[in-house]
Amino acid sequence: AEPATSATGLGQPRRVSHPATDGRRIGQDVSMDFSIPAELTELRGAFADFLEREVRPLEQEYTREYWGPSLDPEAATPLISQVRRRSADAGFYAPYLPEAAGGHGLSVLGTTLLVEDAAASGMRLAMVAVAPPNPAGPSTLLLKLPAHLWSTYVLPVATGHQTMCFALSEPEAGSDAQSIRTQAVLDGDEWVINGTKHYITNGADANFAIVFAVTDAQKRAAGGITAFVVPREQYRVGQIQYNMSDSHPAELFFDNARVPADHVIGEVGMGFLEAMSFLNAGRAYIGAQALGLAEFCLTSAAEHTRSRTAFGKPLAKFQGVSFPLARSKVDIEAMRWLVYHLAWRVDTHQDALAIMGDASITKYATTEWAYEVADRALQAYGGMGLMREGPIERVLRHLRMLRVVEGASEVQLLVIARTLGL
């Protein structure tokens, strides 16, 4: 230790004692292992083999038929269902569920890696081979249903034979989800639900919906919102709400919809809190998808600029092209460790409220930065980048959507500001 001035010795040197007394540097024994566990690396390899063997041939055969410039991608629903079932049979579709629910108990980090790899493959169909973050796949909220209902609602979705939707947003309650107006009233041994939901992903095709409704208008989010499983025959699908992405949400109308009392998810009144409890893992999955799509865009743009020539040399030799792609590499690596760190925090069962700030940081940063990465990639492609049949245009549209859904960027900034006491 360096000599330090004593407060009582008027400049007389004294020795400062440190815990490391055997010549080791302070903190030398602190372990910060950023490596991916070997079993997860093996899992990624098996998943990559599955995508190449089972998914890529379908992607190549049907891309023009279902996703051409003038065709409706919703026509691909049977093909998407086929991929879900194949992936479920191979054990990749919903691995985060416990074995009793048809999964393998895979960690959040492990699931995050599969989501990233699916997106990074660049295949539309690969992104439905893993359930999250698509709400058509089984939500862990379903595990809070009574065990006798699992064969009806959990297992069919986990095996890819059915799909669900997450019905929270309403015309007057988007970002402010606790302001929902849909109501549920207990009538004997049934709940009667009335209200309207909109912007519901997979709403038109789902076999059932997880529906959030007010059961105590005084308590609302603090114990007055309940989550229900509602079968398809109990609600009406309204207008398909066509948007800029390749998947389109729908309106759902609940007109005296009746469900048995045992169709409550968890406890009566705790639905909103239940929904918030799994958001942290959801943010990791959205971040992983954004990360993977950004990786795909950078890889595609780098290959294009190395092979395309202008003014007698490859585009990659112009700093106006290469520097934006270099910036994208920086953004991607920053995104990667935000996503992995959040997944690790969730897996170590750290307090959900304590993680919420990191979850919002991850959701905000990854979706915003990935969009910028895709935009730079499109610019590197020039006119070709604007084409619907090119590799980047559809990704840019999807990433623009991710900046809004599942909590808009401004909502994430609000949460982050609150962690600062602002």
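Residues numbered from 1 in each chain as written. Predicted model: local features only at pLDDT ≥ 70, side-chain atom pairs only at ≥ 80, totals over all residues. Heavy atoms only, no water.

1. Comments concerning the overall build of the protein chain
Secondary structure summary: the protein chain contains 11 helices and 12 strands in total. In terms of overall dimensions, the protein chain has C-alpha extents of about 85 × 70 × 40 Å along its principal axes. Put simply, the protein chain has 422 residues, and 48% of those count as buried. Looking at the protein chain alone, contacts between residues at least 24 apart form 71% of all its contacts between residues at least 6 apart. Per element, the accessible surface of the protein chain, about 20,500 Å² overall, is 54% carbon and sulfur. Both charge centroids of the protein chain, one from 37 positive and one from 47 negative side chains, sit 7 Å from each other. (Helix = DSSP H or I, 4+ residues; strand = E, 2+ residues; numbered from the N terminus. Buried < 20%, exposed > 50% of the residue type's maximum accessible area, 1.4 Å probe, protein only. Contact = heavy atoms within 4.5 Å. Areas by Shrake-Rupley, 256 points an atom, 1.4 Å probe, with all protein chains shown as cover. Lys, Arg positive; Asp, Glu negative; His and termini not counted. Charge placed at Lys NZ, Arg CZ, Asp CG, Glu CD.)

2. Focus: helix 8 (residues 319-347)
With 29 residues, helix 8 ought to run about 42 Å at 1.5 Å a step, and its terminal C-alpha atoms sit 42 Å apart, in line with that. Where helix 8 ends, the next residue or the one after it, histidine 349, has phi of about 60°, a positive value. (Expected span 1.5 Å × (residues − 1).)

3. Here we look at the packing of aromatic side chains
Tallying each qualifying case throughout the model produces 10 aromatic pairs. Ring centres of tyrosine 235 and phenylalanine 254 lie 5.3 Å apart, and the angle between their planes is 45°; on these two criteria the pair is classed as tilted. Here tyrosine 235, found in the loop between strand 7 (225-231) and strand 8 (236-240), pairs with phenylalanine 254, found in strand 9 (residues 250-260); they are 19 residues apart in sequence, far enough to count as distant. Both residues of the pair, tyrosine 235 and phenylalanine 254, count as buried. Taken together, the ring pairs connect Phe34, Trp337 and Tyr340 into an aromatic cluster. The lysine or arginine in question, lysine 313, covers the ring of phenylalanine 318, its NZ or CZ lying 4.6 Å from the ring centre. (Phe/Tyr/Trp six-rings, centres within 6.5 Å; stacked < 30°, edge-to-face > 60°. Lys NZ or Arg CZ within 6 Å of the ring centre and 35° of its normal.)

4. A short note on the pairing of strand 7
The buried count for strand 7 comes to seven of seven residues, which makes it a mostly enclosed element. Both faces of strand 7 are covered, namely the face carrying Ile225, Ala227, Val229 and Pro231 and the face carrying Thr226, Phe228 and Val230. Two strands pair when backbone bridges link them, and strand 6 (residues 208-214) and strand 7 are joined in this way by seven bridges, in the antiparallel orientation. Bridging across to strand 7, valine 211 finds its partner in phenylalanine 228. Here strand 7 runs beside strand 10 (residues 264-265); their pairing, made up of two bridges, is antiparallel. The partner of phenylalanine 228 across the bridge, within strand 10, is valine 264. (Pairing = 2+ DSSP bridges.)

5. Regarding the nonpolar core
Counting 97 residues, the largest nonpolar core has Phe47, Leu51, Leu142, Leu145, Ile210, Phe212 and Leu399 as the members making the most contacts within it. The element contributing the most residues to this core is helix 7 (residues 279-307), with 12 residues. Those residues in contact with phenylalanine 47 that sit more than four places away from it in its chain are Phe92, Leu114, Asp117, Ala118, Ala129 and Val130. Residues Val211, Phe228, Leu252 and Val264 belong to the second largest nonpolar core, which totals 18 residues. (Core = buried A, V, L, I, M, F, W, Y, C linked by side-chain atoms within 4.5 Å.)

6. Describing the side chain of serine 245
Within the fold, serine 245 resides in the loop between strand 8 and strand 9. Of the residues examined, serine 245 reaches a relative accessible area of 4% and is grouped as buried. A polar contact is formed between the side chain of serine 245 and the side chain of asparagine 243, at a distance of 2.8 Å. A polar atom in the side chain of serine 245 sits 2.7 Å from the backbone oxygen of serine 247. Excluding residues that lie within four positions of it along the chain, serine 245 makes contacts with Arg397 and Met401. (Polar contact = N/O pair within 3.5 Å; in protein donor to acceptor, adjacent residues only side chain to side chain.)

7. A short note on the environment of threonine 63
Its place among the elements puts threonine 63 in helix 1 (residues 38-67). When the C-alpha positions of threonine 63 and proline 324 are compared, they lie 29 Å apart, and in sequence the two are 261 residues distant. Side-chain polar atoms of threonine 63 contact the backbone oxygen of glutamate 59, separated by 2.3 Å.

8. Section: a nonpolar patch on the surface
Together, Met32, Phe34 and Trp337 make up a nonpolar patch on the protein surface, roughly 370 Å² of accessible area in all. With relative accessibility at 61%, the residue methionine 32 sits in the exposed group. (Patch = residues over 30% accessible without salt bridge, like charges linked within 9 Å, V, L, I, M, F, W, Y side chains within 5 Å. Salt bridge = Lys/Arg side-chain N within 4 Å of Asp/Glu carboxyl O.)

Note that every value here comes from positions in space, so none of it alone points to a role or purpose.
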